[in-house]
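Coordinate inspection notes
Spelled out from the first residue to the last, the chains are:
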Amino acid sequence: MATPEENNQLVIAPESTPETQPNKRRKKKSIVWEHFTIENVSPGCRRASCNQCKQSFAYSTGSKVAGTSHLKRHIAKGTCPALLRNQSPFTPGMNGNGSMSDPPKRRYRSPSSAYISFDSDRCRHEIARMMIMHDYPLHMVEHSGFLAFVQNLQPRFDMVSFNTVQGDCVATYLREKQNIMKFVEGMPGRVCLTLDMWTSSQSLGYVFITGHFIDSDWKPQSRILNVVMEPYPDSDMAISHAVACCLSDWSLEGKLFSITFNHPVGEPGRENLRSLLCVKDPLIINGQLMIGNCSARILSSIAKDVLWAGREIIKKIRDSIKYVKTSESHEEKFLELKQQLQVPSEKSLSLDNRTQWNSTFQMLVAASELKEVFSCLDTSDPDYKEAPSMEDWKQIEIICTYLKPLFDAANVLTSRNNATPITFFHELWKIHELSRAVASEDPFISSLAKLMREKIDKYLKDCSLALAIAVVMDPRFKMKLVQFRFSKIFGDEAPLYVKIVDDGLHELFLEYVALPLPLTPTYAEDGNFENMKTEDNQGTLLSDHGLTDFDMYIMETTSQNTRSELDQYLEESLLPRLQELDLLDWWKMNKLKYPTLSKLARDILTIQVSTADPDSVFDTEIKELDSYRSSLRPETVEALVCAKDWLQYGSAAPAEISNAIVKVGS
């Protein structure tokens, strides 16, 4: 029989007793303590109880401590009836023939590895998280392979059905939603929404609604708030219905600042949205901050036009690359010619993915840099019959020239930190400059410029206010850049568009000035709200002593006699453009100088120009929900999509939610 010392259960100095040295007891390392629990039977007497069959064994009486060999035999020799029922042919303690083998001589566990009891609820929670985080089909829990894997991993786990795991996923979503609601409520500024319409094979629409805001540390934040299924996505009510659902679900009435959507909406649909916003959120100046065209979609639309114009020549390039890349001997010959000609290009040939226009642009750029090699291959390989002519290569260079500013602008949108209206305004200017070649004598250049000019001009006219007021909030540009750029873009109409921006900005500022400070969450930040509460001995505010009308008088007379924060800001000199400027940090540092304007600037700088996530900026088609997801209930789709987004920011530990599992009958 093993002694206590052998199992490292109790170490007692020779002159000490357990009663005098209770702190010398060390952590038990023997493997048997994974299967037994020590119970106090009476004073001075303890016994070991089997966790499986609950049979009791001698352990210690008084100063005599029994060893663990008899406990090991109970487990390893297979005498425990509960273990015998659950034993598989591969259970440790049995040999390959299914008969019992000798028990292991010794087995130590690391002193730092604590025994973790089996928790069925925790396992269910982790399965739900796994389904959410990795987009696994919920029916996977009923697949035979998954069932066999889990049963061999943990026979004691009762497998869940599709309905059960669906309920667990929804429970995870609801729990996380409580955290997100508190997070959104704590935002000091207003919320800007982006609406990304997805389609499905059933002709249903799914509106992915994301909320964008800036937190109290002046850091940009975004969360997916809703996925709203619209049975008639092309109806005039689809977008306004989705927005209404979001406002109601998250209590955003009075907190909305702007909306950006990628779905084409006619004038009746826009009017429905304006009517909704004027009722729910009068701060949005008559719906003028609705950016109805997602910038990523506009760029993709223009890029598709350019590629379509050169489709015949692009096909020649694509076929030439196929000729080289689909034959090992052809590719070797191509690389040999490249080396002989000493072509400096570092690019390699690859076929494009036609669902993303940037891959076609990159294919054309690489081929254009290697055009000399293709020309040499044409003369040295009689089987190569699709060689582009010199005129073809010239048109490919023109196509690349017109795609390059689109590509650069779209790359800006792939970075959430750089996808600001200000940055995009600069990129739009480059595109607009290129589109001025409509009068070119080259008919191909003229046609491309005309295609680009029409769509860029329309986008700028529709979104000029939202883009321009963001530019004004940059102390390096203010109204000066707006006036300069608009004169180039709109020509004789420039003063009209400049006035729209100036009037809209002043109207917004006056609305922020008129907001009742103590009642507006926008102003209750950084402890300022509490500091405003100067209490007397009776606990009443000084502002409650019948002085409300005096406060109004002060506001009116002050505004008459002094320049507003906005006018003061606009009249000050521009900051030098010698280095990069973190605008949010600049406004954070100047919020004492511009207490009201800084809050307006924060909300303006939250405006989004694109609804696309970084991975889909270059997509040429509207995203489609896969057939499996679209077969689920709309509530389940929303739970899976939103919870996946929220979980990446962290959540409660599994132990904290084991009691929150929602059990849905299978």
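Focus on the overall build of the protein
Counting its regular elements, the protein contains 24 helices and 10 strands. Expressed as a percentage of the 666 residues in the protein, the buried residues total 45%. If you take every contact in the protein between residues at least 6 apart in sequence, the share linking residues at least 24 apart comes to 68%. Of the roughly 34600 Å² of accessible surface on the protein, 52% is carried by carbon and sulfur atoms.

Some words on the environment of Leu 71
Relative to the elements of secondary structure, Leu 71 occurs in helix α1 (residues 69–76). Residue Leu 71 is classed as buried on the basis of its relative accessible area of 0%. Counting along the chain gives 21 residues from Leu 71 to Cys 50, while the straight-line C-alpha distance between them is 8.6 Å. Not counting residues up to four positions away in its chain, the partners in contact with Leu 71 are Val 32, Trp 33, Phe 36, Ala 48 and Phe 57.

Some remarks on the pairing of strand β1 (residues 36–42)
Note on strand geometry: in a regular strand, side chains alternate between the two faces of the sheet. Here six bridges tie β1 to strand β2 (residues 45–50), and the two strands are oriented antiparallel to one another. Along β2, the bridge assignment pairs Phe 36 with Cys 50. Hairpin remark: β1 followed by β2, antiparallel, with two residues in the connecting loop; positive phi at Gly 44, about 85°.

A closer look at the packing of helix α5 (residues 162–185) against helix α24 (residues 634–647)
Interhelical geometry of α5 versus α24 gives an angle of 50° and a closest axis separation of 9 Å. When the interaxial angle is binned, α5 and α24 end up oblique. Remark: the crossing between α5 and α24 carries left-handed chirality. Contacts between α5 and α24 involve Gln 166, Cys 169, Val 170, Thr 172, Tyr 173, Glu 176, Lys 177 and Ile 180 on the former and, on the latter, Thr 636, Glu 638, Ala 639, Leu 640, Cys 642, Ala 643, Trp 646 and Leu 647.

What to know about the packing of aromatic side chains
Inspection of the entire model under this criterion finds 21 aromatic pairs. Aromatic side chains Trp 250 and Trp 646 sit 6.0 Å apart centroid to centroid with 85° between the ring planes, which places their arrangement in the edge-to-face category. Remark: Trp 646 occurs in helix α24 and Trp 250 occurs in the loop between α6 (238–249) and β8 (256–261); sequence separation between them is 396 residues. The exposure class of Trp 250 is buried, given its relative accessible area of 4%. Using a relative accessible area of 1% as the deciding quantity, one classes Trp 646 as buried. Residues Tyr 569 and Trp 586 carry aromatic rings whose centres are separated by 6.4 Å and whose planes lie at 55° to one another, so their mutual orientation is tilted. Pair noted here: Tyr 569 is in helix α20 (residues 565–571) and Trp 586 is in helix α21 (residues 583–589), with a separation of 17 residues, a long-range link. Exposure remark for Tyr 569: the relative accessible area of 0% places this residue in the buried category. An aromatic cluster is present here, built from Tyr 323, Phe 334, Phe 374, Tyr 384 and Trp 393 joined pairwise through their rings. The lysine or arginine in question, Lys 177, covers the ring of Trp 250, its NZ or CZ lying 5.3 Å from the ring centre.

Focus on the pattern of salt bridges
One pass over the structure, following the stated rule, counts 25 salt bridges. In this structure, Glu 126 engages Arg 129 in a salt bridge whose closest nitrogen and oxygen atoms are separated by 3.8 Å. With Glu 126 and Arg 129 both in helix α3 (residues 120–134) and three residues apart, this pair spans about one turn of that helix. Residue class for Arg 129 comes out partly exposed when judged on its relative accessible area of 22%.

Considerations on the pairing of β8
Burial analysis of β8 places six of its six residues in the buried class, which makes it a mostly covered element. Here strand β5 (residues 191–200) pairs with β8 via five bridges, running parallel. Of the residues in β8, the one forming a bridge with Leu 195 is Phe 261. Across two bridges, β8 lies against strand β9 (residues 290–291) in parallel orientation. Residue Thr 260 lies in a different strand from β9, and its bridge partner there is Ile 291.

Looking at the environment of Val 373
Here Val 373 lies in helix α12 (residues 371–380). The class of Val 373 is buried, set by a relative accessible area of 0%. A sequence separation of 40 residues divides Val 373 from Lys 333, and the C-alpha atoms of the two residues are 10.0 Å apart. Setting aside residues up to four positions removed in sequence, Val 373 forms contacts with Phe 334, Leu 337, Lys 338, Leu 341 and Val 343.

So, unusual backbone geometry
Positive phi values are uncommon outside glycine, yet Asp 135 reaches one of about 55°. Of note, Asp 135 is situated in the loop between α3 and α4 (144–153). You can call Asp 135 partly exposed: its relative accessible area is 39%. Positive phi values are uncommon outside glycine, yet Gln 342 reaches one of about 55°. Following the sequence through the fold, Gln 342 ends up in the loop between α10 (328–341) and α11 (357–369).

Focus: the nonpolar core
Here is a general trend for soluble globular proteins: nonpolar side chains tend to be buried in one another's company. Judged by nonpolar contacts, the single largest core of 105 residues is most densely connected at Phe 374, Met 473, Phe 486 and Trp 587. Among the elements that make up this core, the one with the highest residue count is helix α15 (residues 443–472) (17 residues). Val 227, Leu 277, Val 637 and Cys 642 belong to the second largest nonpolar core, which has 58 residues in total.

Describing helix α8 (residues 295–309)
Look at α8: 21 Å from first C-alpha to last across 15 residues, which is about the 21 Å you get at 1.5 Å a residue. For α8, the full list of buried residues reads Ser 295, Ala 296, Ile 298, Leu 299, Ser 300, Ile 302, Ala 303, Val 306 and Leu 307.

Details of the environment of Gly 650
Within the secondary structure layout, Gly 650 lies in the segment after α24. Its relative accessible area of 43% is what places Gly 650 among the partly exposed residues.

Comments concerning the packing of helix α9 (residues 311–325) against α10
A pair of packed helices can be characterised by two numbers: the angle between their axes and the separation between those axes. At a minimum axis distance of 6 Å, the contact between α9 and α10 shows a crossing angle of 105°. Judged by the inter-axis angle, α9 sits roughly perpendicular to α10. Residues Tyr 323, Val 324 and Lys 325 of α9 touch α10, and the partners they reach there are His 330, Glu 331 and Phe 334. Its residues assigned to classes, the contact of α9 with α10 shows three nonpolar, one polar and two charged.

Digging into the confidence of the model for the protein
When the pLDDT values of the protein are averaged, the result is 81; 79% of them are 70 or greater. For the stretch residues 87–113, pLDDT sits under 50, and the model shows 34 contacts to residues farther than four places along the chain or on other chains. Counting contacts from residues 652–666, a segment whose pLDDT is below 50, to residues more than four positions away or on other chains yields 26 contacts.

What counts as what
Residues numbered from 1 in each chain as written. Predicted model: local features only at pLDDT ≥ 70, side-chain atom pairs only at ≥ 80, totals over all residues. Heavy atoms only, no water. Helix = DSSP H or I, 4+ residues; strand = E, 2+ residues; numbered from the N terminus. Buried < 20%, exposed > 50% of the residue type's maximum accessible area, 1.4 Å probe, protein only. Contact = heavy atoms within 4.5 Å. Areas by Shrake-Rupley, 256 points an atom, 1.4 Å probe, with all protein chains shown as cover. Pairing = 2+ DSSP bridges. Axes fitted to C-alpha atoms, helices over the stretch in contact; angles between N-to-C directions. Parallel < 35°, antiparallel > 145°, perpendicular 65-115°, else oblique. Left-handed = near helix turned anticlockwise from the far one by under 90°. Phe/Tyr/Trp six-rings, centres within 6.5 Å; stacked < 30°, edge-to-face > 60°. Lys NZ or Arg CZ within 6 Å of the ring centre and 35° of its normal. Salt bridge = Lys/Arg side-chain N within 4 Å of Asp/Glu carboxyl O. Core = buried A, V, L, I, M, F, W, Y, C linked by side-chain atoms within 4.5 Å. Expected span 1.5 Å × (residues − 1). Nonpolar A, V, L, I, M, F, W, Y, C, P; charged D, E, K, R; others polar. pLDDT = per-residue confidence, 0-100.

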